[in-house]
Structure formats: structure tokens, C-alpha cells
Amino acid sequence: MSGAGAVARAVAERLAAADVARLNATLAWSEAALAAEAARVDALPDDGVLHQWPVAIKDNIVTTDLPTTCGSRILQGYRSPFNATVVERLRAAGAMVACKTNLDEFAMGSSTEHSAFGRVLHPQDPSRVPGGSSGGSAALVAAGAVAAALGSETGGSVRQPASFCGVVGVKPTYGRVSRYGLVAFGSSLDCVSVFARTVAIAGQLLEVIAGPDSRDATSVAAPKLALQPPGASLAGTTIGIPREYFPADLDPGIQAACNRAMDRMRDLGARLIEVSLPHTSLAVPAYYIVAPAEAAANLARFDGARYGVRAESSGDVRALYRATRGRGFGAEVRRRILVGTYVLSAGYHEAYYGRAQAARRRITGDFSAAFAAGVDLLFTPTTPTTAFRAGEKTADPVAMYLADVFVCPASLAGLPAMSFPIGRSEGLPIGGQLIAPPFAEGVMLAAAARLEAALDPVAEAR
Amino acid sequence: MSWETVIGLEVHVQLDTRSKMFCGCSTGFGNPPNTNVCPVCLGLPGALPVPNAGAVRLGVRAALALECTVQPRSIFARKNYFYPDLPKGYQISQYDRPLASGGRLEIESSDRGTVPVSIVRLHLEEDAGKLLHDRIPGKTAIDLNRAGTPLAEIVSGPDLRSPAEAREYLNALKQILRYAGVSECNMEQGSLRVDGNISLRRKGESALGTRTEIKNLNSFANVERALSAERDRQEALLARGETVEQVTLLFHPGSGQVRPMRSKEESHDYRYFDDPDLPPLLLAPATIAAIGEELPELPAAKRSRLRDGYGLSAYDAGVLAAERSTADYFEAVCAAGAEPKAAANWVINETGAVPPAGVLAELIGLVEDGTLSHQAARRIYPELAGGGSPRDAAERLGLLQVRDTDALAAWVDAVIAGHPAEAARYRAGELKLMAFFTGQVMKQSRGQADPRRVQPMLARRLEDG
């Protein structure tokens, strides 16, 4: 009797059901690959933290057994010769790679409408988006196909879809988890992050993938990620409420859910204080300079010369580049490459990139000041709206970018942050965000677990 | 009109590490194409660079040898451009915060004597791959074995005043980097590459003229040729009252001419920015000092010590100090008891495989004490490359000098008897024939006769005759 085999067959059935429902959340999986994973896991000792757990992997994290496309035509069929460090760590802990999940092309987007392989549907309402860019992973966890999934964040690409889909999404401190094998978008921002149905599962997954890696020079040898049992109360915890995250025009349903969550925090003994993070409004503009600048360089390697799809072209090597990159990349990726190239160009470098870096330092300084003043955690809504309708923002890139207004700042500051369900508005999930000081994931997860337990009946009642 | 030539050089040297700058691949030369590669140096999706501490160490060593200030914090940056030999679409280099700056290197100029040349900066970077145009007919192939090889770029100030000085600078640079164990500086294998910047100005002016840059310089001799050609071209332009345009030129070794690159090839905006994959390169003062301790005695110090310590001429000291291994060998021969001037002559003049230092010292001693003639010693020398006793070799070859009077007398008498006409001319006053007779005796004795004893005996017997 193969324990893992039975799990693998069950996962295959659920993935098939998700595909039948046309969620379009998976890009690659097979019963054969799952069976191979089950056989591998059965040969391992059964004491792995994630023994027999099926985990979905965002398709910008490289795997040897399934293709890695980044949701782009330019990498269609690409098979990596190595596994990402996070995949190696999951597998060593007994987890099975369940599938690769759909995403905005190269993780650039907030709705998973920008995949070359079609948009991902919101599991509850097919007319809506699941958020992005890790929409496929979020949708699969929300649909119950897998208990946990890996996503990636550059500017909120896990927290925002977690919020839209009603699941838990955790971004670690920058450097806490190795980026080796995560296809780079904005290297100074990119973090492998996790989705799960519960805070506890998300914490376990994060604990497995965290830790320094000699193959990533930006990974940090910080104190080990220590999960803490959720306490009986939040007594002694000071939670900062940054006023910039509660604008007057915030969606009333979201404001109400946040108010309820804050009431529970007080009930649990937490001290809530209003704080100010005055440079918050600089985050989206700074992000949309820094991330595209890094992306323009990171995506230069996709030129058709060595791997991936090469467009037929006559003429010199420049014509080959133009044809391959012009046809291989979608509109949003091309837009960001152009923006990134522009902001680094001679004569504009200081005006754009230089000022964006200065803004980034100020945003980081805001957080540092709040934490230095005695705040343990910050609480905010994760998103200004619930899941929006497909097509609603595709014609207006700036409106799309503003969907990340509450998640971008922590990304720019490299801080751990998470979204967890705090209620619903008109049936659609609402996420609350906790932001913690560097490497304080343990404190953040414990508080979230305590709140999760206190809020769950409320969320269910609505 | 009298013009002054102003030259500065940018030199790329390969740091002599076994593995590449940002991955563990071999830097070996001459392997089949695309065999020394991995996800990192191929720029595969998801791969990340990790700095090679050995390359950083060699970079610091080079910087210290060139008397640069090593920065405690330097930054790797991305230099963005598209080219098929550049797998990531950017080169990891250093830009506004290089590893080191503000050094100097002294050169010997035939026009100006000892001249200090300033080293503006030294930075670390990775090499690109290589395009192969002759492997597949009608197509270009890419070999990425070299991609990611660690390089130091060393930029001189505009302190050189002639193409000959530029060549002298390159010789001095190569010498010091080889001494420091930083680089082999082998131009054929691409471990040293040079770009030249040159401008002209009226003698006595301090402002620099418009410069041009020359690329594709594949030997020190061609650096000098190309700079001379470009100096002549600029001088002709200025003499006609025209101006020099700031362009990049390619040297064509066949014709000896420099010609502008197509403008497309040079119109780059590299859009440098700090590489987010690589944290700042931090070097504690103690680390820098420890690397400084690794530096051996450098060429200039070695030259003066050989000259003063062993009483050698400046020329001999310079020749011996040209290669660290040569100087080390010379000193070992002296340490084994050889007289320094004789040791210097042997080490400088003899070519081919050298004997162990102690053996050469013994050989020199045998000449000094008259056991062997210099001529005989030179015949024995090649026999000693693998070691062994010079005395045994001399005996085996029958080259020990014969000082026995009877034996010498027999050779002398035979030679005089065999050349009655020359003997008569000698006796008639043609004394320079002594050299002829001496040679004949040495020949007769197959080199064994001690010429210092042969000559008095010859003189006596010829006069007696």
C-alpha cells in the first residue's frame, strides 16, 4: 500500500476537476509525474515535516520534472536542468510537486490576466480575477485542490491574490528564502512566498523553505525561523494602525471587516495605536520604476540565442532579437521592459531610478521608525477592493498597478508581511495584512494564527 | 608645430583562478566549446551569481601591487548590452564604486627616464564568451567556456607620452602582475587585452586634446604600431588645421592602419545600475592588510636589491629581475656558494633547461678554481639539467683540465713541430700568433689543457726553439 500514491491519485482527481471547471490555474501536471513523486516520497523516511504533502509550484520557479514557462510564449516548453532551492527543500521534507501554476507573464501583473496561456478564473466567481501575479497558486489552494502552494512576490503578488481568493499568503523577509531557481523579475524585491488554507500550514511550509543558501548571495544567515504556538491572547502586543492605509474612500465592506478584526485584537488584549507611514504614497511610483528597471536587465537573457523559443528571422542578430522578443513577450512585459530601459537611460537615470531609490529608503525609514517606537506589528487591509472583474483594469495599467497600493510598501522595505482572511464583502473574500519587522515572521504568524481562530466564526457567519 | 602625444591604456587581465568569477566552472583554456559551463555562466533562468573569493583576493593583490587604495566597500554593477557572446544580456562589472583606485606604476622611458604612471582605477568584472565564425559554414557559433572568467580592468592615467612608453608600461604591468601571481598575462590566450586612448596637444599645453580609442590590439608590438599610426594620423589632421573626432578605431594588423568602427558598434548606453543579486563587496582593513602580506618582493625592489646586494650592474639586475623565477634561481645559485657576477653571467647567458641551483654553483666553482675551462664547463652544462655532479660529468667527457706538466709539454711540442712556418713567423716577432698556438693546443687536448698554463709554456718553448 502506497500512502503517497493514494494522496497523489486524490490530488490528480482534484487537479483534473479544477481543469474541468476551466479555472486555468495549472500550466503543467501529469498523473505520471505525480506517481513518480509519490514513489520518491515513499522511499523517504516518513518523518519529513511535509511528508506526502502535495504542493503546487508557481511556474516561475524552476523544476526539472515539469516545464517552466513563466506564463510566457518565449519559454514555452522550456525544461530547467536544475531544481530551485525551494523545490529541493520541499522535496527533501517529503512534499510532492503537484503541478506548475499559471501566473501573469514573468510575474508581471495583479490579476493573472497577463498569462500567454490564458487568464485564471476566480474559483468563486468566474467573471472575476483571482488577483496576481500568483493567481494560479491562490486559486488552486482556494479551490481545495492542494493544501499549500508556492508563489512569488515582487510587489505583493502573493498577498494580493491570497486576499482576493480568501486564503493565507505569507511573504518572508527579503533574504530569508533562497531565490536560486526563482526566475528573476525584480531581484532586489523578489521573494518566494507561500499560500495555504491556514496560517499554521503556511508557517510549516515557510519553515521548510527558509534558511541561507550558498547559491544565493542575497540569502541571509538570520536566526532560524522559529514558529511559535499561538498564545491564548495578544496581551503585550502593540499593533500599529497606519492611517495612510485607511483612506476615506476605502471600500466600506473592507473598512468594516478591518474594524471587526481590530475589535477582536483589542478583545484579545492587544494594544492598538494609530501610526503614520508618511511616504506610503511614494511606494507604487517607486515600485514601478525599480521593478521594471531590474526586470529590463533580468529579461535581457531571453533573446532566443541559447534556449526558449526563437523566432524565425532573416537578417542579422539584431533582427533575431527583435523578432524573438517582439513576438515572445506579451504587451505588459514589453511595457515594463521599455519603462525599465527608459528609467535607466543616460540623462534620465538620476531623475527616475535615483529618485525611486531615494523614495525606497524613505519608505523603509517609515517602517523602521514605527517599529523603533514600540510597534510589534502593523495591521492594514491587504487590498483597496475585493476581487475585481476580468477586463476591468486591463485597459488602464495605472488602475491595475494601484491594486497593489497596500502591498508594495512592505516589498520595497524587504519586510515580512502576510494576508489572511478577515471576512467577506458581497460574498467575496477580504484579506487583512500584518507587516512585521525584519525576520519577525514567527511573531507575525503566531498573532495571525490567534486572530484566525478568533475571526473564523465571524467570517463563516457572513 | 610641435605636438605632444598623450596616451592612457585600459588593460583587462584574467585573474589566475581555477574557477570562474561567479560560479564553480573551470577557467581552463582550450577545452571543447561549451564544456566549462553551468546554469550560472550560461545565464539560465533562475541561476544566480556568487562571487569567487579567490578572484577578489587576486584583484586586491593586483591593486596593492600597483599601490592602489583598496576600497572597504565596492559595488558590482550591471552593464547592459545585447550581444550573442553575453549570456545574460548584461555583464557584471564595477562602475562608480570600483574595487580600488589611485595607484601608480613606475616605468623606464627611453626619453624621460624613470616615469610614474598613475593607475586611475582597478575593478573586477566577468568576461564574455566567444563567437566562432569558422566552425559552421555560413553560421556563427557561440562558445561560452570563457563567459564568466574573472577579469581585472586596470585603467592608467593619461601619463604616457609615446607609443614606446605605452609598450614599456605594458611590459612593466605584465611583469608586476606575474610577480604578484595575479595573472599569466598571456595575450595569445586572451588573458591580457588592451584598449588604447590617444590624443595630441601642443607642447606646453595642459588641457587634453580630443582623444580616440583603439581596440583590437592583440600584441604589445601592435599596441605600439597602432598608437604610432594613430599619432601620425592625428598629427596630419592637426597640421592641416583640421580637428580630431572622438571615435573608436579598430587596428588592422595586416595593413598597420586604424579605421573607425561602424557607429552602430559604439553607440552604447550601458544603463549601469547596482547588481541587486550581489551585496556590496566588503573588505575589512585587516583582510586587505593580510592580502598585502602575501605579496612577494616586487620587480622594482628586486632590481635594486640585486644591484646593491650582489654588486651587479643595473642591466644584469634588470634582466635577472624580469621574471620572478629567474631572480629566485639566481639567488639560489648564489646561496649555494657561487660568485654573484659569474652566477649572473651563467643565468643570463645560458639558455635551455637549467640545472639545479646547487649544481650550477658547483660548476661555477670548478671554473673558478681552474678545474674546468669555461669552454669545458659550457659543454657540460646541458648534461646537468637533471642534476648530477659536474665533476663526474667532466671526467666522463674527459674535460677535466690537465695541469700535468709532462702532458702539457707533449701537446705543446707536437703543435710547434706541426707548424714550423708559424713558429718561424712568431720567432720573427709576429707575437699575435700566440692565440693561434693556444687554440691549436686546446684543440689537440680536446679542451682539457689549462690555457693559463699552456701560454707560458708555449712562449718558453717557441723562444727556446
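Residues numbered from 1 in each chain as written. Chains lettered and ligands numbered in written order. Predicted model: local features only at pLDDT ≥ 70, side-chain atom pairs only at ≥ 80, totals over all residues.

1. Concerning the sheet that holds strand S13 (residues 248-252) of chain B
Residues and elements named next belong to chain B. Here we have 9 strands laid out as an open sheet, ordered S2-S6-S7-S10-S1-S11-S12-S13-S14, and mixed in their pairing. Looking at which strands have only one partner, the edges of the open sheet turn out to be strand S2 (69-70) and strand S14 (257-260). Taken together, the 7 bridges between strand S7 (residues 113-126) and strand S10 (residues 150-156) define a ladder with antiparallel strand orientation. By the bridge assignment for S10, Arg121 is matched with Val155. Contacts from helix H2 (residues 53-65) reach S2, strand S6 (100-109), S7 and S10 within the one sheet, and its direction differs from that of S7 by about 165°. Sheet strands in contact with helix H3 (residues 163-179) are strand S1 (3-14), S6, S7, S10 and strand S11 (192-202), and its direction is about 115° off that of S6. (Pairing = 2+ DSSP bridges. Helix = DSSP H or I, 4+ residues; strand = E, 2+ residues; numbered from the N terminus. Contact = placed C-beta atoms within 7 Å. Axes fitted to C-alpha atoms, helices over the stretch in contact; angles between N-to-C directions.)

2. A short note on the domain arrangement of chain B
One frequent convention defines the size of an interface as the accessible area lost when the parts assemble. Residue and element names in this part refer to chain B. Under the domain assignment used here, chain B contains domain 1 (3-289), domain 2 (297-396) and domain 3 (405-464). For domain 1 and domain 2, the distance between their C-alpha centroids amounts to 38 Å. Between domain 1 and domain 2, the contact holds 6 residues from the first and 5 residues from the second. Sorting elements by how many residues they give to the side of domain 1 that touches domain 2 places H3 first, with 4 residues. Of the residues contributing to the side of domain 1 that touches domain 2, the split by class is 3 nonpolar, 1 polar and 2 charged. (Domains from an automatic or database assignment. Nonpolar A, V, L, I, M, F, W, Y, C, P; charged D, E, K, R; others polar.)

3. Concerning the packing of helix H16 (residues 434-444) of chain B against helix H17 (residues 451-464) of chain B
Residue and element names in this part refer to chain B. Contact geometry for H16 and H17: axes closest at 10 Å, N-to-C directions at 125°. When the axes of H16 and H17 are compared, the pair comes out oblique. Both H16 and H17 take part in a crossing whose hand is right-handed. When H16 is examined against H17, the residues Met434, Phe437, Thr438, Val441 and Met442 are found in contact with a partner set consisting of Pro451, Val454, Gln455 and Leu458. By residue class, the composition of the contact of H16 with H17 is 7 nonpolar, 2 polar and no charged. (Parallel < 35°, antiparallel > 145°, perpendicular 65-115°, else oblique. Left-handed = near helix turned anticlockwise from the far one by under 90°.)

4. Some points on H17 of chain B
Residue and element names in this part refer to chain B. When the terminal C-alpha atoms of H17 are compared, their 20 Å separation across 14 residues agrees well with the 20 Å that a helix rising 1.5 Å per residue should span. Among the residues making up H17, those that are buried are Val454, Leu458 and Leu462. One face of H17 carries all of its buried residues, which in axial projection span an arc of 50°. Turned more than 90 degrees away from the buried face of H17, the exposed residues are Arg452, Pro456, Arg460, Glu463 and Asp464. For H17, the secondary structure elements touched by its buried residues are helix H14 (405-418), helix H15 (420-427) and H16. (Expected span 1.5 Å × (residues − 1). Buried ≥ 20, exposed ≤ 12 C-beta atoms within 10 Å, placed from the backbone. Arc of directions from axis to C-beta.)

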